[in-house]
Amino acid sequence: NRLWSFDLIGDISDNHYNFKPKDRETRFGTLESVRSFRVYFDGKERDRFRTFFGSMNITRHYGDSTSVSLITSAFKTDEQEKYDIEGQYWLTQTETSENLGVGTYFQHARNYLKGNVESLKLMARHKARQHDIEGAMTYKWEHVEENSAEYEMRDSAGYVIPHTGKDLYMIYSLRAKNELDSKRLEVYLQDTWRFKSGNKESGDSALVSTPTLYTLNYGIRFSNWSYTRETIVSPRVSLSIIPAFNQNLSFRVAAGLYYQAPFFKELRDTTTVGGMTYATLNQHIKSQQSIHITGGMEYRFRISNRPFKFTTELYYKLLSNLVPYSVNNMKITYYGDNNASGHAAGLDMKLYGEFVPGTDSWLTLSVMNTGMKVNGRRMPLPTDQRFAAHLFYTDFFPGSDRWLMTLRLTYADGLPFSAPHRELERNVFRAPAYRRVDIGMTYRLLNNEDHHRKSILKNIWLGVDCLNLFDISNVNSYYWITDVTNQMYAVPNYLTRRQINAKVRFEF
C-alpha cells in the first residue's frame, strides 16, 4: 500500500565439480629452443561449493519524499576442496633429445571452509527540492571456520625435491586450522545536490538561455571492525556537469579516500617451520587504502541520423597498505600482511552506436599502468593489463532484417605471474597477449515486434557461432616442473581452441 512496501530475495546454490586430468603432450618454447612436455595422470579432484543467501526489506513511506527501511540479510557458505593427483612427466629438449626433467609428483588436499555473515541495516531517504539525502547504519556478525591440509611431493631423477642428501622434505606442505568471530559497524551519509546556472531571461524578449546543469554527490563513510579494532573514515565527492553550450556533452570529476577492509583470505599469514607451512590469522592487518582521482567525459552525437555515444575516463589511484597476492592457475594466495604500496593509472575509451542502422556496435580501447613495491622491489600488480582493445560489430544482410552477422575481436596484454611457493618479489613474468576472433550468424525465425496485435513472444532467433575463428592457442596458466637442481620450467596450459556453438534465443 501507500505506507508500506516489502521486498524479499533468496538464493540457494549447490555446485559440484568433478575433475579427472587427462594425459597430455605439449610443445613450447622458441624457434631455437623447442621443448616437449609429456605427462601421464592418475587420480581426481572433487570440489563442492554450497551457498545460501537471503534478504528482507521492510520500508515505511512518509509521503512521496521520505522513507525509512529496515533490511536484514544472511549469507552462508560451505566449501570443500579435495584432490589426490599423481603425475609422471618427461621434459625434453627437442633438438638434442636431452632430458631436462624426469620425475613424479603427487598433490593432496583436504580443505574445508564454513562461513556465516548476518547483517541488520537501518536506512533513511529524504528528497528535498534539489537534494536527495540518504543515510544508513549497518551491523554485521561474521563467523568463519577453516580446516585445511595440503602437501605436494616431487621426485625428480630419483631424488625427492628439495634434495639435501640428509633429510626428506615435501616441496610444499601447509596446515591451517583457524576460526574467526567478528563484528562490523558501518555508517554512511550522502547527499546528491542538483542545481543549475545561467537560466536567465534576456531583456524584454523573454528569451531563456539554456542553463548549465550540475550534479554534486558528496558523502562520508565510517566503519569499525572488532577483530582488528580498526576504525576508518572515507570521504568522497563527485561533480557532473552538462554545459549550456551543448546538452549532448557531459563532464565528470571525482575524488575520494577508499578502503578495502580485509576478510578471511587476506588475514591468512604463513610461516614455515621445519619444512611445514602454517597459516594463522593476522590480527594486526589494516585495510588497504586508495586515493582515487578520476575525470570523465560523455558525448552524444548523430551521424546520418544514427545515434552514437563516445565516453572516456582517466583515473589515477595511489595505493597504500596493500596485501600482496600471487595467482597460480585459478588459486589466489595472499601474503597476509600490509607490506606493499603502489599505484594504478589508466585511460578507458568507448565508441558506441549504430554503425549499421538498427544494430548496436562498439569499440573500446584501454591502457593501464600499475606497480607496487614489495620489500624494496618494484613490480606490476597481478592485474596489470597494459592494454586491451575490443570490437563488437553487427550487420544485417543487405535487404533483409532476418539474417544478422556478429563479429567480435579481442586483443589484450598478458597478465603477470610468478612461480608457486616462491617469494613474489623473486620472480615475476608476463604471459603472452590474448588474441581471439569470434564470428556468428543469426536467423530471425519469428518477428512479432512490428505487428499491432498483442503477442507474448516477440522474437525467435536461431544462431551458430565459430568461437576462436583462427584457432589461436591462448595461454591460461602454467604447469610448473622442478628438476633435481631446483630449476623450474613453466609449461603453458592453453585455453580451448576453435569451437562451434549453436543457440536458440526467445524474446518475450
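Note that this is a predicted model, so its numbers are computed, not measured.

1. Observations concerning the overall build of the chain
Counting its secondary structure elements, the chain contains 1 helix and 31 strands. In terms of its C-alpha atoms, the chain occupies a principal-axis envelope of roughly 100 × 65 × 45 Å. By residue count, 33% of the 508 residues in the chain fall in the buried class. Counting contacts in the chain only where the partners sit at least 6 residues apart, residues at least 24 apart contribute 63% of the total. Per element, the accessible surface of the chain, about 30100 Å² overall, is 55% carbon and sulfur. Between the averaged position of the 63 positive side-chain charges in the chain and that of its 55 negative side-chain charges there is a distance of 3 Å.

2. Looking at the side chain of His-108
Looking at the secondary structure, you find His-108 in strand 5 (residues 98-127). For His-108, a relative accessible area of 15% corresponds to the buried category. With residues near it in sequence (within four places) discarded, His-108 still touches Tyr-83, Asp-84, Ala-149, Glu-150 and Tyr-151.

3. Remarks on the pairing of strand 17 (residues 306-322)
Relative to strand 17, strand 16 (residues 288-303) runs antiparallel, the two being bridged by 15 bridges. Residue pairing across strands places Ile-303 opposite Arg-306, the latter belonging to strand 17. With 13 bridges joining them, strand 17 and strand 20 (residues 340-353) adopt antiparallel strand pairing. Among the inter-strand pairings, Phe-310 is bridged to a residue of strand 20, identified as Leu-351.

4. A closer look at the pattern of salt bridges
By the definition in use, this model includes 21 salt bridges. With a shortest N-O distance of 2.6 Å, Arg-154 and Glu-152 are connected by a salt bridge. Given a relative accessible area of 8%, Arg-154 falls into the buried group. For Arg-386, the salt bridge goes to Asp-413, with nearest N and O atoms at 2.5 Å. Of the two residues, Arg-386 sits in the loop between strand 22 (377-379) and strand 23 (387-396) while Asp-413 sits in the loop between strand 24 (403-412) and strand 25 (416-417), which places them 27 residues apart along the sequence. Judged by its relative accessible area of 41%, Arg-386 is partly exposed. A network of salt bridges, in which partner residues are shared, links Arg-408, Arg-436, Asp-438, Asp-465 and Lys-503.

5. So, unusual backbone geometry
One non-glycine residue with positive phi stands out, namely Arg-229, at about 60°. Position of Arg-229 relative to the elements: it lies in the loop between strand 11 (212-225) and strand 12 (230-242). Even without a glycine there, the phi angle at Asn-321 is positive, about 55°. With respect to the helices, strands and loops of the structure, Asn-321 is situated in strand 17.

6. Observations concerning the nonpolar core
Counting residues in each nonpolar core, the largest one holds 15 residues, and the members touching the most others are Phe-37, Tyr-479 and Ile-481. It is strand 4 (residues 66-93) that provides the largest number of residues to this core, a total of 4 residues. When sequence neighbours within four positions are dropped, the list of residues in contact with Tyr-479 reads Phe-37, Val-39, Phe-41, Tyr-105, Tyr-489, Ala-490, Val-491 and Asn-493. Core analysis: the next-biggest nonpolar cluster, separate from the first, contains 10 residues, Val-144, Trp-225, Ile-285 and Val-323 among them.

7. Looking at the environment of Arg-430
Residue position: Arg-430 is located in strand 26 (residues 429-430). Sequence separation between Arg-430 and Phe-417 is 13 residues, and the spatial gap between their C-alpha atoms is 5.9 Å. Of note is the side chain of Arg-430, whose polar atom sits 2.9 Å from the backbone oxygen of Gly-414.

8. Focus: the environment of Arg-306
Mapping Arg-306 onto the fold places it in strand 17. In this structure the C-alpha to C-alpha distance between Arg-306 and Ser-33, which are 273 residues apart in sequence, comes to 54 Å. Not counting residues within four places of it along the chain, the set of residues in contact with Arg-306 comprises Phe-301, Glu-354, Phe-355, Val-356 and Pro-357. At 2.7 Å, the side chain of Arg-306 forms a polar contact with the backbone oxygen of Glu-354. At 3.4 Å, the side chain of Arg-306 and the backbone oxygen of Phe-355 are in polar contact.

What counts and how
Residues numbered from 1 in each chain as written. Predicted model: local features only at pLDDT ≥ 70, side-chain atom pairs only at ≥ 80, totals over all residues. Heavy atoms only, no water. Helix = DSSP H or I, 4+ residues; strand = E, 2+ residues; numbered from the N terminus. Buried < 20%, exposed > 50% of the residue type's maximum accessible area, 1.4 Å probe, protein only. Contact = heavy atoms within 4.5 Å. Areas by Shrake-Rupley, 256 points an atom, 1.4 Å probe, with all protein chains shown as cover. Lys, Arg positive; Asp, Glu negative; His and termini not counted. Charge placed at Lys NZ, Arg CZ, Asp CG, Glu CD. Pairing = 2+ DSSP bridges. Salt bridge = Lys/Arg side-chain N within 4 Å of Asp/Glu carboxyl O. Core = buried A, V, L, I, M, F, W, Y, C linked by side-chain atoms within 4.5 Å. Polar contact = N/O pair within 3.5 Å; in protein donor to acceptor, adjacent residues only side chain to side chain.

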